[in-house]
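# Observations on chain architecture
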Amino acid sequence: MSDFKHLDELFRKFTDDGLPSCSCIIAKKGEILYEGYFGMADLENKVPLTREHVFRQASLTKIAMYTTAMMLYEQGRFLMTDPISKFFPEWKESRKMVTNPDGSVEIVPTDKPITVKNIMNMTCGLPYHMIIGGQRVQHPTSEAMWHAMEPLMAKGYYTLREQIEAISKVPLAFEPGSRWLYGFASELTAGLLEAVTGKPAEIVIKEMLFEPLGMDSSANFLFGDLEQRLVKDYYLYPDKKLGDENALYICPPEREATMVGPLGTVPGFSRVITNCWDYTKLMQMLANGGVYDGRRIMGRKTIDLMRTNTLSDTLIREDFSNNYLAGYGYGYGVRTLMDRYVGHHNGSLGAFGWTGGSGTWAEADPSEGVSIVYMHNIQPNLEEYHHLRMRATAYGCLE
């Protein structure tokens, strides 16, 4: 067995090597086994990182959002086989891009409609239309999404529902269900939360997850003193010098619905701001059969469904395979460990979680009742370097 001192040493090396700050909490069956905070939340003002500081979650938001969706699923609000046009009528007739042998691209109707399953497991055929590293995502469907969004971006503020309607005109990258492609399925899932509850997605997540779990420092918009507690999201240059926060990737989280974000727009669905302490409550609930602090939040069997791989061997090999994702399959909004050897993973089969674009990471292991939550905020996030080392050391510390 390793020792938690090795985790301390690793995180000190991270910050010595240029990471502004990082934090980690490991818990098992309601007990905190490890809690550590390293570096500075604000380098210029020499503010040490503490438990109270919050981080931008970016795509780690998905664990909270898809958990909420699965809670609504177990209430009978929708079926995985439901076409999304049941909730968004403008999506009744979808089209897809087909590349001919001569390289020309044709737009044709899809054979099948997009279903709820397709948006829950990222097989609907829509990437993100976003900027990474100062560059627009280069993908034909992504470019079409940019053009479809131009009227809304020119307007400034737009709602999630307006965004979903605009994207309905975009041809898909492939036949629904035939490939895996990370992206706009999350916005459609957020729209599903709104459609079945009649409330904004942010409020649904707050009422169904954050409030029952006592996640008082978690929100989709800054409120109270969260802005003062927000760590800076620096850019790390190749020479290890740190540049201005938000330099090339992400705007500050919205303070209110009318705030103007990147390119004069406001995202239709804002990502979560939280910290390791709060997110551990969510991950402990998922690791312990849907129960937290003696209260049942969701069903154990629903969590088992959520973490069941939905991708064929071909899709994993072609669309969901790299050094970072090795050994994992994909369930509903989360990756799930299928092969320890392929993934060089010293945790348990069936452990599941996800990652955020600024460097956040979380995993729940139901077989052990263990959760690991790690956070830093930096661009580029260097996730393969930091997360895989952290994962190996953290699991090595467990009995």
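Quick note: structure is the one above.
First things first, this report covers the structure right here in the doc. Keep in mind the model is a prediction, meaning the values are calculated, not measured. (Residues numbered from 1 in each chain as written. Predicted model: local features only at pLDDT ≥ 70, side-chain atom pairs only at ≥ 80, totals over all residues. Heavy atoms only, no water.)

## A look at the pairing of strand E16 (residues 352–355)
Residues Phe352 and Trp354 line one face of E16 and the alternating positions Gly353 and Thr355 line the opposite face, and both faces are buried. Of the pairings in the sheet, the one linking E16 to strand E17 (residues 361–365) comprises four bridges and is antiparallel in character. Looking at the pairing, Thr355 lines up with Trp361 of E17. Linking E16 back to E17 in an antiparallel pair, the connection comprises five residues, with Gly359 at a positive phi of about 115 degrees. (Buried < 20%, exposed > 50% of the residue type's maximum accessible area, 1.4 Å probe, protein only. Helix = DSSP H or I, 4+ residues; strand = E, 2+ residues; numbered from the N terminus. Pairing = 2+ DSSP bridges.)

## With respect to the packing of aromatic side chains
Think of a pair of aromatic rings as described by two things: how far the centres are apart, and how the planes are tilted against each other in angle. Under the counting rule described, the total for this entry stands at 17 aromatic pairs. Plain terms: the ring middles of Phe4 and Tyr34 are 5.4 Å apart, the flat faces sit at 25 degrees to each other, and that makes the pair stacked. Taken together, the positions of Phe4 in helix H1 (residues 4–16) and Tyr34 in strand E2 (residues 31–42) put the pair 30 residues apart, joining distant regions of the chain. For Tyr34, a relative accessible area of 6% gives the class buried. Note on Tyr128 and Tyr182: the rings are 5.7 Å apart at their centroids and 85 degrees apart in plane angle, and the pair reads as edge-to-face. Here Tyr128 is found in the loop between helix H3 (116–120) and strand E7 (131–132), whereas its partner Tyr182 is found in the loop between helix H5 (160–167) and helix H6 (185–197), with 54 residues between them in sequence. The exposure class assigned to Tyr128 is buried, which follows from its relative accessible area of 12%. Here Tyr182 falls in the partly exposed class, since its relative accessible area comes to 22%. Ring pairs connect the aromatic residues Phe4, Phe11, Phe14, Tyr34, Phe38, Tyr374 and Tyr385, which therefore count as one cluster. Positioned above the aromatic ring of Trp277, the side-chain terminus of Arg51 is 3.6 Å from the ring centre. (Phe/Tyr/Trp six-rings, centres within 6.5 Å; stacked < 30°, edge-to-face > 60°. Lys NZ or Arg CZ within 6 Å of the ring centre and 35° of its normal.)

## Quick word on the sheet that holds strand E9 (residues 234–236)
Spatially, the three strands line up as an open sheet ordered E10-E9-E19, and their pairing is mixed. The strands lining the two open edges of the sheet, one partner per strand, are strand E10 (242–243) and strand E19 (378–379). Strand direction decides the pairing type here: E9 and E19, joined by two bridges, are parallel. Along E19, the bridge assignment pairs Tyr235 with Gln379.

## Focus: the nonpolar core
One finds Phe11, Ile63, Leu126, Leu188, Tyr279, Leu282 and Leu286 to be the most contacted residues of the largest nonpolar core, which totals 108 residues. In contact with Tyr279, not counting residues within four places along its chain, are Leu60, Thr61, Ile63, Ala64, Met215, Thr274, Ala362, Val373 and Met375. One finds Ala219, Leu222, Leu226 and Ile273 within the second-largest nonpolar core, a separate group that totals six residues. (Core = buried A, V, L, I, M, F, W, Y, C linked by side-chain atoms within 4.5 Å. Contact = heavy atoms within 4.5 Å.)

## With respect to the sheet that holds strand E15 (residues 335–337)
Pairing in this open sheet of eight strands is antiparallel, and the strands run E3-E2-E1-E18-E17-E16-E15-E14 from one edge to the other. The open sheet has two edge strands with one neighbour each: strand E3 (47–48) and strand E14 (328–330). Two elements, E17 and strand E18 (residues 370–375), share five bridges in a ladder whose sense is antiparallel. Opposite Ala362, over in E18, you have Val373 as the bridge partner. Relative to the sheet, helix H13 (residues 383–396) contacts strand E1 (21–28), E14, E16, E17 and E18, its axis offset from that of E18 by approximately 150 degrees. (Axes fitted to C-alpha atoms, helices over the stretch in contact; angles between N-to-C directions.)

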